[in-house]
Amino acid sequence: MLTNAPIAMRMGQINALAEKTGATIIPADATSEEDLNNLVTKSVELLGGKLDFVLHSIGMSVNVRKGRHYTDEKYDFTTKGWDVSALSFHKVMQSLYKNDAMNQWGSIVALTYMAAQRTFPDYNDMADNKAYLESVARSFGYFFGKEKKVRVNTISQSPTPTTAGQGVKGFDGFISYAEKMSPLGNASAQDCADYTVSLFSDLTRKVTMQNLFHDGGFSNTGVSQEVIEHFSE
Ligand SMILES: NC(=O)c1ccc[n+]([C@@H]2O[C@H](COP(=O)([O-])OP(=O)(O)OC[C@H]3O[C@@H](n4cnc5c(N)ncnc54)[C@H](O)[C@@H]3O)[C@@H](O)[C@H]2O)c1
């Protein structure tokens, strides 16, 4: 089952992906409770049973798109971006929870970024959205664990050249810096997919309410030899 906002259906390659994976597409705006309830109930109906895993992979800042600096936010933009990027994760999980749509020992994952813990100036209000998203994973993870035996985690991914990624100012320089700071190098989109699958598998059944760094070691590196050499005369 694949989904995206109705207006995004013409962009990207969701149709090609659906064809390749034999998935059905159900459009849903992740800010709309009605759309999400439809997505959840139709998915259960079409798959013929409850869900084993759900991935939230949504992010968008209107302030970033409109070039508004963090110190000059337009709060209508901030609210919209928060609704799309952060509150939508709560809405998705509330819909799954109320419809009792998850199988026991199922797994819910959302993608996030380390700007939730450390400052990356150009990440703008998305940093605050990611902090909220990660908190929702912990808070809902408690109730999903207790009541339904379902785990909820966030994966904090390396910078990755995607549509959203490239929207961040100075992204190319930043991605090269992250590559040089990470002992294993940046985690690619394919690496992220692989790690996500591991969290959906039965081999990680007791991992929940965690923010898991998937970044080649970047988050625990103070400085790397390459960066020192870059600044040495
Ligand atoms: N690219 C990076 O460097 C990077 C790093 C860490 C985490 N992430 C996270 O990974 C996730 C995926 O981002 P991406 O880099 O693939 O960018 P992307 O722009 O390709 O994906 C974001 C998706 O969200 C969808 N979306 C936007 N508004 C929506 C709505 N109202 N309802 C439903 N869907 C909506 C968009 O159509 C798009 O498909 C995001 O949570 C992002 O923050 C990205």
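Note that this is a predicted model, so its numbers are computed, not measured.

Draft legend 1. Structural context of the nonpolar core. With 28 residues, the main nonpolar core has Phe 89, Val 92, Met 93 and Leu 96 as its most contacted residues. Mapped by element, the contributors of at least two residues to this core are α2 (33–47), α4 (75–98), β2 (102–112), α5 (126–148) and β3 (151–157). With six residues, α4 is the largest single contributor of residues to this core. With sequence-adjacent residues up to four places away left out, Leu 96 is seen in contact with Val 40, Val 54, Ala 101 and Met 102. Ranked by size, the runner-up nonpolar core spans nine residues in total, among them Tyr 113, Ala 115, Ala 116 and Tyr 123.

Draft legend 2. Examining the environment of Val 227 more closely. As for its position among the elements, Val 227 is in helix α9 (residues 225–231). Each C-alpha atom of the pair Val 227 and Phe 53 lies 39 Å from the other, and the pair is 174 residues apart in sequence. Residues in contact with Val 227, not counting those within four places in the same chain, are Lys 180 and Met 181.

Draft legend 3. Molecular detail of the packing of α4 against α5. α5 packs onto α4 with a crossing angle of 10° between their chain directions and a minimal axis gap of 8 Å. Taken together, the axis directions place α4 and α5 in an arrangement best described as roughly parallel. Residue-level inspection shows Gly 81, Trp 82, Ser 85, Ala 86, Phe 89, His 90, Met 93 and Tyr 97 of α4 in contact with α5, the latter providing Met 126, Asn 129, Tyr 132, Leu 133, Val 136, Phe 140 and Phe 144. Residue classes in the contact of α4 with α5 are distributed as 11 nonpolar, four polar and no charged.

Draft legend 4. Inspection of unusual backbone geometry at higher detail. Phi at Asp 100 is positive, roughly 45°, even though this residue is not glycine. Residue position: Asp 100 is located in the loop between α4 and β2. In this structure Asp 100 comes out as exposed when scored by C-beta crowding, with 11 C-beta atoms within 10 Å. For Met 209, which is not glycine, the phi dihedral falls at a positive 60°. Residue position: Met 209 is located in the loop between α8 (189–200) and β4 (211–214).

Calculation criteria
Residues numbered from 1 in each chain as written. Predicted model: local features only at pLDDT ≥ 70, side-chain atom pairs only at ≥ 80, totals over all residues. Core = buried A, V, L, I, M, F, W, Y, C linked by C-beta atoms within 7 Å. Buried ≥ 20, exposed ≤ 12 C-beta atoms within 10 Å, placed from the backbone. Helix = DSSP H or I, 4+ residues; strand = E, 2+ residues; numbered from the N terminus. Contact = placed C-beta atoms within 7 Å. Axes fitted to C-alpha atoms, helices over the stretch in contact; angles between N-to-C directions. Parallel < 35°, antiparallel > 145°, perpendicular 65-115°, else oblique. Nonpolar A, V, L, I, M, F, W, Y, C, P; charged D, E, K, R; others polar.

So far we have only geometry, and geometry alone does not tell us how the molecule works.
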